[in-house]
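Spelled out, the chains give:
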Amino acid sequence: MASVRGVARASQTPPTEGGVSVRGLSKTYALSGQPLPVLQEITFDVQPGEFVSFVGPSGSGKSTLLNILAGLEEPDRGVVTAGGSARRLGGVAYMPQRDVLLPWRSALENAILGLEVKGVPRHESRQWARELFAVAGLGGFEDSLPSVLSGGMRQRVAFLRTVLTPGSVMLLDEPFGALDALTRSEMHEWLLGLWEHGDVMYNVSTTVVLVTHDVEEALLLSDRVYVLSPRPGRIRLVHEVSLPRPRTPALTTTEEFVRSKAALLAAVRGEGA
Amino acid sequence: MRVQHVPSVLLATVPAGLLLCAWEAYVRVAGVDRVFLPAPTQVLKVTWDSAGLLATHARLTLLEATLGLLLAFVAGCALGAMVGLSPLLRRSVYPLLVVSQTIPMIALAPLLVLWFGFGILPKLLVVALVCFFPLAVSMADGLASAEPDALRLLRSMGASPTQLFFKVRLPGALPYLFSGAKIAVTYAVIGAVFGEWVGAYEGLGILMQTAKNSYRTDIVFAAILVTSLLSVGLFGLVSILERVMLPWHVRGSGTAMDQSPRIQPIIGGRRRAPGDRREIVENV
Ligand SMILES: Nc1ncnc2c1ncn2[C@@H]1O[C@H](COP(=O)(O)OP(=O)(O)OP(=O)(O)O)[C@@H](O)[C@H]1O
Ligand SMILES: [Mg+2]
């Protein structure tokens with residue numbers, strides 16, 4: 001049974017290596033001189049190896065939250081650790097909402113960027129990337145420039161780049177938003193396969209924080225789903241997903257899945273929170 | 001036949017050819033003295049006849065232009081990198097670079113000859129002073145306009161400032177640098193000729209002056225022709241180099257990140273704003 005409970009209370013367990021810990025995070029931007037509160041009093045924990053998702057309306061601060069988790073920005077208030085360290089830069093594999101492929105690099109060269117930054121030998125990283133290209137349906141496009149790839153292909157290259165980036169926490173900002181339903185479903189299955197089998201070659205065996213608009217995607221992939229309120233974003237609902245693993249797309253038609261989905265959608269719309 | 005389908009070589013030669021024909025006709029019909037204005041055919045003939053003389057002088061001018069460009073490239077890139085990477089230097093040194101371009105070369109060149117003699121050095125300095133500016137500005141602007149999202153992505157991977165420079169900033173600045181280089185090379189030969197004009201033993205500049213003083217206007221024109229050919233040749237070399245080095249930066253198609261310094265193609269009579277995909281779709 002899916003357990004639906006209220007706003008997260010500070011967990012007793014201390015954050016360990018590979019997990020994420022956020023305590024009382026608040027972030028306010030300035031918009032033409034006016035303060036614009038984006039995130040308020042966010043507190044949650046992700047244990048090492050857990051897969052959690054954040055859903056919420058546009059502008060609720062989801063990307064801002066991932067930026068902070070990645071270490072690219074600091075919160076105005078609160079304490080954030082990822083991978084057991086307050087210094088997150090270099091310790092996470094971050095997939096931004098825009099694909100941000102470097103136009104002068106081939107698709108394959110883009111995919112190995114994270115390995116390259118860490119000084120992994122080129123032939124080795126190219127070898128790994130080649131295998132993943134075939135799996136992700138990008139075989140034959142290794143040497144293509146990003147400008148000739150479709151939006152969905154670019155997104156998959158960016159996803160592979162993230163999977164190949166060394167780091168104990170993976171931060172995914174709407175990683176499959178540009179894909180058609182079928183390809184998206186394939187990518188879900190592939191990601192689940194890698195993650196559930198704990199494939200150590202890639203860091204999919206590690207902690208994942210996913211941001212998505214797609215409630216079904218969140219339910220299918222995650223151990224836990226957080227629903228954010230409209231701006232300023234607060235955690236409105238924490239939903240433990242108790243669907244059995246390994247998970248398959250077939251689960252989406254089960255009674256439990258449908259009920260959880262309805263509960264999450266209601267929370268996203270702001271009903272019964 | 002649509003204009004787009006005509007080879008551009010043909011398009012470029014038609015107006016030039018018409019102009020030359022008009023010039024030729026005028027000189028012949030009006031019977032203009034060749035000391036006053038030689039006809040294009042006369043210029044071609046004297047160019048052919050004195051090819052050896054022209055080549056000797058052109059060789060030195062080309063050497064000066066190339067060495068001066070090299071100097072400008074090193075200085076321009078170094079200054080451009082400093083200004084492009086440091087907001088402090090951008091505010092303190094950039095204005096100085098701009099002011100350096102307001103010094104009239106016509107006043108400075110004779111002084112350079114006075115200080116450094118009739119040798120090759122003052123010519124190099126004239127070329128370098130004229131050419132470093134477009135290189136420095138393009139380098140500075142190219143480095144400063146690096147895609148912020150790309151920089152953030154690499155920072156999240158734990159990249160060092162050096163890695164940010166070589167993996168994001170520099171490759172992104174190269175299209176800008178090539179635009180600057182194309183402007184610089186067209187100035188280089190003229191700069192060398194000007195440096196020679198002021199005082200030299202050899203070179204196209206001094207050849208023009210002596211030819212003019214001995215009323216050999218046709219040789220002046222021949223020297224002008226060679227000067228143009230050298231400039232066009234250098235420009236072509238840079239264009240080829242650009243194509244080879246930046247295959248991802250295809251002319252006119254806009255870059256993937258829409259940060260191209262190039263003039264965007266004009267579609268449907270209107271200039272396309274960067275990133276305005278909707279308009280392209282409408283007009284295709
Ligand atoms: N650097 C910034 N400066 C000022 N305001 C910002 C900045 N970054 C984000 N914002 C504002 O913060 C709010 C939340 O932005 P954010 O990108 O985190 O939303 P989101 O939940 O990811 O939305 P979406 O689902 O549309 O991607 C927005 O109103 C945005 O305008
Ligand atoms: Mg977002």
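Calculation notes
Residues numbered from 1 in each chain as written. Chains lettered and ligands numbered in written order. Predicted model: local features only at pLDDT ≥ 70, side-chain atom pairs only at ≥ 80, totals over all residues. Heavy atoms only, no water. Helix = DSSP H or I, 4+ residues; strand = E, 2+ residues; numbered from the N terminus. Buried < 20%, exposed > 50% of the residue type's maximum accessible area, 1.4 Å probe, protein only. Areas by Shrake-Rupley, 256 points an atom, 1.4 Å probe, with all protein chains shown as cover. Near = heavy atom within 4 Å. Polar contact = N/O pair within 3.5 Å; in protein donor to acceptor, adjacent residues only side chain to side chain. Contact = heavy atoms within 4.5 Å. Buried area = accessible area lost by both parts, 1.4 Å probe. Salt bridge = Lys/Arg side-chain N within 4 Å of Asp/Glu carboxyl O. Expected span 1.5 Å × (residues − 1). Arc of directions from axis to C-beta. Axes fitted to C-alpha atoms, helices over the stretch in contact; angles between N-to-C directions. Parallel < 35°, antiparallel > 145°, perpendicular 65-115°, else oblique. Left-handed = near helix turned anticlockwise from the far one by under 90°. Nonpolar A, V, L, I, M, F, W, Y, C, P; charged D, E, K, R; others polar. Core = buried A, V, L, I, M, F, W, Y, C linked by side-chain atoms within 4.5 Å. Domains from an automatic or database assignment.

Here the focus is the overall build of chain B. A count of helices and strands for chain B gives twelve helices and two strands. Out of the 284 residues belonging to chain B, those deemed buried represent 42%. Carbon and sulfur atoms provide 72% of the accessible area of chain B, an area that totals close to 15500 Å².

Bringing the site of ligand 1 into the picture now. Residues and elements named next belong to chain A. Taken together, 15 residues are adjacent to ligand 1, and Ser58, Gly59, Lys62, Ser63 and Thr64 come closest. Contact between ligand 1 and Gly59: an oxygen atom at 2.9 Å from a main-chain N or O atom of the residue. Ser60 places a polar main-chain atom, nitrogen or oxygen, 3.3 Å from an oxygen atom of ligand 1. Against a free-state accessible area of 640 Å², the protein chains account for coverage of 67% of ligand 1.

What follows concerns the interface of chain A and chain B. If you look at the interface, chain A gives 26 residues, while chain B gives 20 residues. Of the roughly 2100 Å² buried between chain A and chain B, counting both surfaces, carbon and sulfur atoms make up 66%. Put simply, chain A and chain B have four salt bridges between them. Linking Asp149(B) and Arg98(A) is a salt bridge whose minimum nitrogen-to-oxygen distance equals 2.7 Å. Our count for the chain A to chain B interface comes out at eight residue pairs in polar contact (both at pLDDT 80 or more).

Take helix α4 (residues 122-135) of chain A next. Residues and elements named next belong to chain A. Its 14 residues give α4 an end-to-end C-alpha distance of 20 Å, which sits within 8% of 20 Å, the value for a rise of 1.5 Å per residue. All of the buried residues along α4 are Ser125, Ala129, Leu132 and Phe133. All buried residues of α4 project into a common sector of 105 degrees when viewed along the axis, lining one side. Those residues of α4 that are exposed and angled more than 90 degrees off the buried face are His123 and Ala134. One or two residues past the end of α4 sits Gly137, with phi positive at roughly 75 degrees.

Residue and element names in this part refer to chain B. Helix α11 (residues 217-245) packs onto helix α10 (residues 204-213) with a crossing angle of 160 degrees between their chain directions and a minimal axis gap of 8 Å. Here α11 runs roughly antiparallel to α10, going by the angle between their axes. In this structure, α10 meets α11 at a crossing whose hand is left-handed. Of α11, the residues touching α10 (which contributes Leu204, Leu207, Met208, Ala211 and Lys212) are Ile219, Val220, Ala223, Ile224, Val226, Thr227 and Leu230. When the residues that make up the contact of α10 with α11 are grouped by side-chain class, the tally is ten nonpolar, one polar and one charged.

Attention now goes to the pattern of salt bridges. Evaluation of the coordinates by the stated rule reveals 25 salt bridges over all chains. The partner of Arg105(A) in a salt bridge is Glu116(A), with the nearest N and O atoms 2.6 Å apart. In this pair, Arg105(A) is assigned in the loop between β6 (92-95) and α2 (107-111) and Glu116(A) in helix α3 (residues 113-117), connecting sequence segments eleven residues apart. Glu116(A) carries the same exposure label as Arg105(A), and that label is buried. A salt bridge links Arg259(A) to Glu255(A); the shortest N-O distance between them is 3.3 Å. You can see Arg259(A) and its partner Glu255(A) sitting in helix α8 (residues 255-269), four residues apart, about one turn around the helix. What you see here is one network of salt bridges that share partners, running through Arg105(A), Glu109(A), Glu116(A), Arg122(A), Arg126(A) and Lys167(B).

Bringing the nonpolar core into the picture now. Judged by nonpolar contacts, the single largest core of 61 residues is most densely connected at Leu54(B), Leu69(B), Leu97(B), Cys131(B), Leu154(B) and Leu204(B). Residue assignment for this core shows that the elements contributing at least two residues are α3 of chain A together with α3 (51-85), α7 (121-144), α8 (148-156), α9 (161-198), α10 and α11 of chain B. Per-element accounting of this core gives the leading share, 13 residues, to α9(B). Filtering out sequence-adjacent residues up to four positions away, Leu97(B) remains in contact with Leu79(B), Val83(B), Phe132(B), Phe133(B) and Ala136(B). If you look at the next biggest cluster of nonpolar residues, it comprises 49 residues, including Ile112(A), Trp190(A), Leu243(A) and Leu251(A).

Residues and elements named next belong to chain A. Parsing chain A into structural domains produces domain 1 (1-89 + 211-273) and domain 2 (93-166 + 169-204). The interface is formed by 27 residues belonging to domain 1 together with 17 residues belonging to domain 2. Interface area, domain 1 with domain 2, both sides summed: about 1700 Å², of which 63% is carbon and sulfur. Of the charged contacts in the structure, one is a salt bridge between Asp214 and Arg184, with a shortest N-O distance of 2.9 Å. Our count for the domain 1 to domain 2 interface comes out at eight residue pairs in polar contact (both at pLDDT 80 or more). Of all the secondary-structure elements, those providing two or more residues to the side of domain 1 that touches domain 2 are α1 (62-70), β8 (207-212) and α7 (215-221).

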